[in-house]
Amino acid sequence: MSNMTELILPYDVETVRADFPILHEPHHDNVPLIYLDNAASSQKPLKVIEALDNYYRRYNANVHRGIHKLSEEATEAYESARIKIRKFINAGSKREIIYTKGTTEGINLVAQTWARANLQNGDVIVSTVMEHHSNIVPWQMLAMEKGVTVRYVPLLDDGTLDMEAYRKLLSEEHVKLVAVAHMSNVLGTIHPIAEMARLAHEHGALILVDGAQSVPHMPVDVQALDVDFFTFSGHKMLGPTGIGILYGRRDLLEEMPPWMGGGDMISRVTLEGSTWAELPHKFEAGTPNIAQAIGLGYAVDYLTELGMDKIHEHEKIMIEYALERLSEVPGVTVYGPEGVHKGAVAAFTVAGIHAHDVAQILDMEGIAVRAGHHCAMPLHNELHVNATARASFYLYNTPAEVDALIEGLYKAQKAFKI
Ligand code: C6P
């Protein structure tokens, strides 16, 4: 076992923790909060909380509409967040950055616009058995409507994707779209997206990447990955809920029909018909989540200042330590790749104790983990397990919190007389 005190972290975690008020709130009769449910949603730094407060106190107004000063100020902040986000993922233009409600909405937007307009009976969408439901269900809904088929890349025993099967699907089927997560929210597997994109393009297919679990945790460059669509959620990367991003290649977005109709997405409306606004507004009907977009801009500032490379390095150390410590606990099975680099997510079972009971006992110790199928039922079927407990780490977690998790698991075993 590596000694916790020997771990050298890339930045001072205590300084970072000081920025997150919730980590210092009394929790469950004064036990400190150990928040290990970051794959579900992250906590927010003061900078983001203050940005929301400041917007509502000082310059709350609708965007793109008013001639008055407040509206101009709100529009300026809302649009400058878009520019920060463009830079953060290295998109070529701010017009390629569409505000959505989150990853789910981004995927549904592509399904309902590009895919609906371009796919027909006989076409194939390739997804994987490892996907979150939000990257399965929208394609199944489209399949029912358009007669397209959804095929799934299987898993290898080591928790990685079967790339041979992927190549085979691409060469044998009429694949028009590949829809794959960058990183699994259960296994932590990081897929070779650049290679998958190259192969998809070689076979004339586009690729949509669900970056919900990658953008918060590692540097992402959508141009270097050469992806066509890339979507993620603000609330998993220190930002507010209700805001997310769909990146799309400009030429594709230009040609796609809009999804929702209403204010702000039009150029001209007559009673006979309408024309659409320029990108990105064509896809942003109605009053948007203004405070949330501004808050996401501040979250991006925070992540950039700390450094995505350093955050990724920190999480690498955290997951290695967590896997090592979990392996010491008798009866614990961790799911996902071993011996290769994976994201800071550990889904596990404890023999003789249901995952929900594990989570409940940990909660009594102040430790928040998620339990269940994590919106990945097909993956749990493949793993032949109904539910797993999941500890997921972020930039403010410490090795001492991993130790507390392990102690909590021993307590659970004691409570269940195992
Ligand atoms: N996963 C989890 O606990 P939304 O809900 O739209 O912000 O994100 C959906 C989503 C899409 N893809 C992946 C890979 C995800 O992990 C998630 C959200 C959370 O694992 C909540 S179910």
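The shown structure was predicted, so the numbers you read here are calculated from the model rather than taken from an experiment.

Chemist: Please clarify how the packing of aromatic side chains should be interpreted in this entry.
Modeler: For any pair of aromatic rings, the description consists of the separation of the ring centres together with the inter-plane angle of the planes. This structure, assessed with the given rule, holds 8 aromatic pairs. Aromatic side chains Tyr78 and Tyr99 sit 4.7 Å apart centroid to centroid with 45° between the ring planes, which places their arrangement in the tilted category. Of this pair, Tyr78 sits in helix 3 (residues 69-89) while Tyr99 sits in strand 2 (residues 97-100), and the two are 21 residues apart along the sequence. Like Tyr99, Tyr78 is buried. Taken together, the ring pairs connect Phe20, Tyr302, Tyr394 and Tyr396 into an aromatic cluster. The ring of Tyr298 carries the charged tip of Lys84 above its face, separated from the ring centre by 4.5 Å.

Chemist: Honestly, the pairing of strand 4 (residues 149-153) in this entry has me stumped. Any pointers?
Modeler: Regular strands place their side chains on alternate faces of the sheet. Bridge analysis of strand 3 (residues 124-128) against strand 4 gives 5 bridges, and the strand direction is parallel. By the bridge assignment for strand 4, Ser127 is matched with Tyr152.

Chemist: Looking at this structure, how should I read the site of the ligand?
Modeler: Taken together, 17 residues sit near the ligand, with Thr104, Asp210, Gln213, Ser233 and Arg370 positioned nearest. Between the ligand and Thr103, the relevant distance is 3.4 Å, taken from an oxygen atom to a main-chain nitrogen or oxygen of the residue. Between Lys236 and the ligand, the recorded distance is 2.9 Å, taken from a side-chain N or O atom to a nitrogen atom. Surface burial for the ligand is 87%, taken as the share of its 510 Å² of free accessible area covered by protein chains. Along the lines of polarity and charge, the residues of the shell around the ligand split into 4 nonpolar, 9 polar and 4 charged. Counting contributing residues, the shell around the ligand receives three or more from each of domain 1 (4-32 + 307-415) and domain 2 (49-305).

Chemist: I would appreciate a short explanation of helix 2 (residues 46-59) in the present structure.
Modeler: The α-helix winds at 3.6 residues per turn, so residues separated by three or four positions along the chain end up facing the same way. Between the first and last C-alpha of helix 2 there are 19 Å, a value that for 14 residues agrees with the 20 Å anticipated at 1.5 Å per step. Listing the buried residues of helix 2 in full gives Val48, Ala51, Tyr55 and Tyr59. Among the structural elements, helix 3 and helix 10 (290-306) are those in contact with the buried residues of helix 2.

Chemist: I would appreciate a short explanation of the sheet that holds strand 4 in the present structure.
Modeler: Adjacent strands of a sheet pair through backbone hydrogen bonds, lying either parallel or antiparallel. If you trace the 7 strands from one edge of the open sheet to the other, you get 2-8-7-6-5-3-4, paired in mixed fashion. Of all strands in the sheet, those bounded by a partner on one side alone are strand 2 and strand 4. The average undirected angle you get between the axes of adjacent strands in this sheet is 20°. Bridge count between strand 6 (residues 206-210) and strand 7 (residues 229-233): 3 bridges; the pairing is parallel. Each residue of the ladder has a partner; that of Leu208, found in strand 7, is Phe229. This element, helix 3, spans strand 2, strand 7 and strand 8 (244-248) of the sheet and lies at about 115° to strand 2.

Chemist: Please clarify how unusual backbone geometry should be interpreted in this entry.
Modeler: Excluding glycine, most residues fall at negative phi; most peptide bonds, likewise, are trans. Looking along the chain, the bond that leaves Leu279 and enters Pro280 is cis, with omega of 0°. Residues other than glycine seldom take positive phi values, yet Lys417 does so here, at roughly 55°. For Lys417, a relative accessible area of 76% translates into the label exposed.

Chemist: Help me understand the domain arrangement of the chain, please; the structure alone is not making it clear to me.
Modeler: Its domain assignment divides the chain into domain 1 (4-32 + 307-415) and domain 2 (49-305). Taking the mean C-alpha position of each, domain 1 and domain 2 sit 28 Å from one another. Facing 35 residues of domain 1, the contacting portion of domain 2 comprises 32 residues. For the pair domain 1 and domain 2, the summed buried surface comes to about 2400 Å²; carbon and sulfur atoms form 66% of the total. When the buried surface of domain 1 facing domain 2 is broken down by residue, Met308, Leu379 and Tyr394 rank first, second and third, together holding 26% of it.

Chemist: Whenever I open this one, the nonpolar core confuses me. Can you help?
Modeler: Counting 82 residues, the largest nonpolar core has Tyr166, Phe230 and Leu395 as its most contacted members. Other than its neighbours up to four places away in sequence, Tyr166 contacts Val126, Val153, Val178, Met196, Leu199 and Ala200. Leu36, Ile319, Ala346 and Ala371 belong to the second-largest nonpolar core, a separate cluster that totals 31 residues.

The rules we used
- Residues numbered from 1 in each chain as written.
- Predicted model: local features only at pLDDT ≥ 70, side-chain atom pairs only at ≥ 80, totals over all residues.
- Heavy atoms only, no water.
- Phe/Tyr/Trp six-rings, centres within 6.5 Å; stacked < 30°, edge-to-face > 60°.
- Helix = DSSP H or I, 4+ residues; strand = E, 2+ residues; numbered from the N terminus.
- Buried < 20%, exposed > 50% of the residue type's maximum accessible area, 1.4 Å probe, protein only.
- Lys NZ or Arg CZ within 6 Å of the ring centre and 35° of its normal.
- Pairing = 2+ DSSP bridges.
- Near = heavy atom within 4 Å.
- Polar contact = N/O pair within 3.5 Å; in protein donor to acceptor, adjacent residues only side chain to side chain.
- Areas by Shrake-Rupley, 256 points an atom, 1.4 Å probe, with all protein chains shown as cover.
- Nonpolar A, V, L, I, M, F, W, Y, C, P; charged D, E, K, R; others polar.
- Domains from an automatic or database assignment.
- Expected span 1.5 Å × (residues − 1).
- Contact = heavy atoms within 4.5 Å.
- Axes fitted to C-alpha atoms, helices over the stretch in contact; angles between N-to-C directions.
- Buried area = accessible area lost by both parts, 1.4 Å probe.
- Core = buried A, V, L, I, M, F, W, Y, C linked by side-chain atoms within 4.5 Å.

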